[in-house]
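Remarks on the overall topology
So you can see what is in the structure, the chains are spelled out below.
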Protein chains: 2
Amino acid sequence: MPIEMRLARIIISEINENQFVFLREVDGDRQFPIVIGIFEATSIDRRVKDIPRPRPLTHDLLVNAVEQMGGQLDSVIIRELREHTYFADLRIKLNGEVIRIDARPSDAIAVAMTCEPPLPIFVEEEVIEEAMSAD
Amino acid sequence: MPIEMRLARIIISEINENQFVFLREVDGDRQFPIVIGIFEATSIDRRVKDIPRPRPLTHDLLVNAVEQMGGQLDSVIIRELREHTYFADLRIKLNGEVIRIDARPSDAIAVAMTCEPPLPIFVEEEVIEEAMSAD
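Now for a description of the structure that goes with this document. Residue numbering note: each chain is counted from 1, following its sequence as written. Chains carry letters from A onward and ligands carry numbers from 1 onward, assigned in written order. In keeping with the model being predicted, local features are shown solely for residues with a pLDDT of at least 70 and side-chain atom pairs are shown and tallied solely at 80 or more, while totals for entire chains, interfaces and linings include all residues.

1. Overview of the interface of chain B and chain A
Note on contacts: each residue gets a C-beta atom placed from the backbone, and two residues are in contact if those atoms are within 7 Å. Between chain B and chain A, the residue contacts involve 22 residues of the former and 22 residues of the latter. A run of H or I in DSSP counts as a helix once it spans at least four residues, and a run of E counts as a strand once it spans at least two, with each numbered from the N terminus. Mapped by element, the contributors of at least two residues to the side of chain B that touches chain A are α2 (58-68), β5 (85-94) and β6 (97-103) of chain B. Per-element tally for the side of chain B that touches chain A: the top contributor is α2(B), with eight residues. Each residue gets one of three labels, nonpolar for Ala, Val, Leu, Ile, Met, Phe, Trp, Tyr, Cys and Pro, charged for Asp, Glu, Lys and Arg, and polar for the others, Gly among them. Split by residue class, the side of chain B that touches chain A holds 13 nonpolar, five polar and four charged.

Dropping the structure here:
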């Protein structure tokens, strides 16, 4: 069953190629990190800090395209962990249906934080267990 | 009137924050540079060089979302130059209509190069004239 989690922390290091986001249970204490790239980390960070963006950045463009096409961004689900890679879906409501778009968690979280209010982020229970045991 | 142009060159410098793409007329010799960020330059470069992407990168996610929602990416138009900033639209066909999404040229060109075949890139005649006179 998917568990709702929230973005708890972003760690950006300029001397390291790998950046981290930490997801933490909304109704619990479990948390785990996901390694992401510097671009996506910076994009998430700008959104969390609400830094003004005079022109639409890439994740803004994605959200604007979905909305102008009549879709409604619904939620993010991190559905699988395979060989140290997390797989997520971006869920979009369109004409009463839910469409799932395969995404990296970093993009999915950046999109979630672009929306107002931010989209809920779910993680499959077995992904949480695998992520915690991998520590 | 919009003039069709093509991506003629990408200049990526690791010691400089500003990267460049050059657009050149398809049926002519005029060309001009657009300053873009390193992330967008790298994204365009990967697409031009056809470097495999095991997971969808941000511009792939955008293209996949548009297509799974039933839209068809049509073209890019660079429509305005104002205070050294270029403004573009991404044009999407949906249910017989054309939707225009405001975009930075860097994102629009990255999306154009993600599509197979690449989307045509148009530039308004007056933008070309202003861009050339600004040199």
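2. Some remarks on unusual backbone geometry
Residue and element names in this part refer to chain A. With an omega dihedral of 0 degrees, the bond running from Glu116 to Pro117 counts as a cis peptide bond. Within the fold, Pro117 resides in the loop between α3 (105-114) and β7 (121-124). Of note, Glu83 is a non-glycine position whose phi angle comes to about 50 degrees, a positive value. Of note, Glu83 is situated in the loop between β4 (72-82) and β5 (85-94). Put simply, a residue is buried when 20 or more other C-beta atoms lie within 10 Å of its own C-beta and exposed when 12 or fewer do; between those, it is partly exposed, and each C-beta is set from the backbone. On the basis of neighbour counts, which here come to 4 C-beta atoms within 10 Å, the residue Glu83 falls in the exposed class. Positive phi values are uncommon outside glycine, yet His84 reaches one of about 65 degrees. As for its position among the elements, His84 is in the loop between β4 and β5.

None of the figures reported here should be taken as evidence of function without further support.
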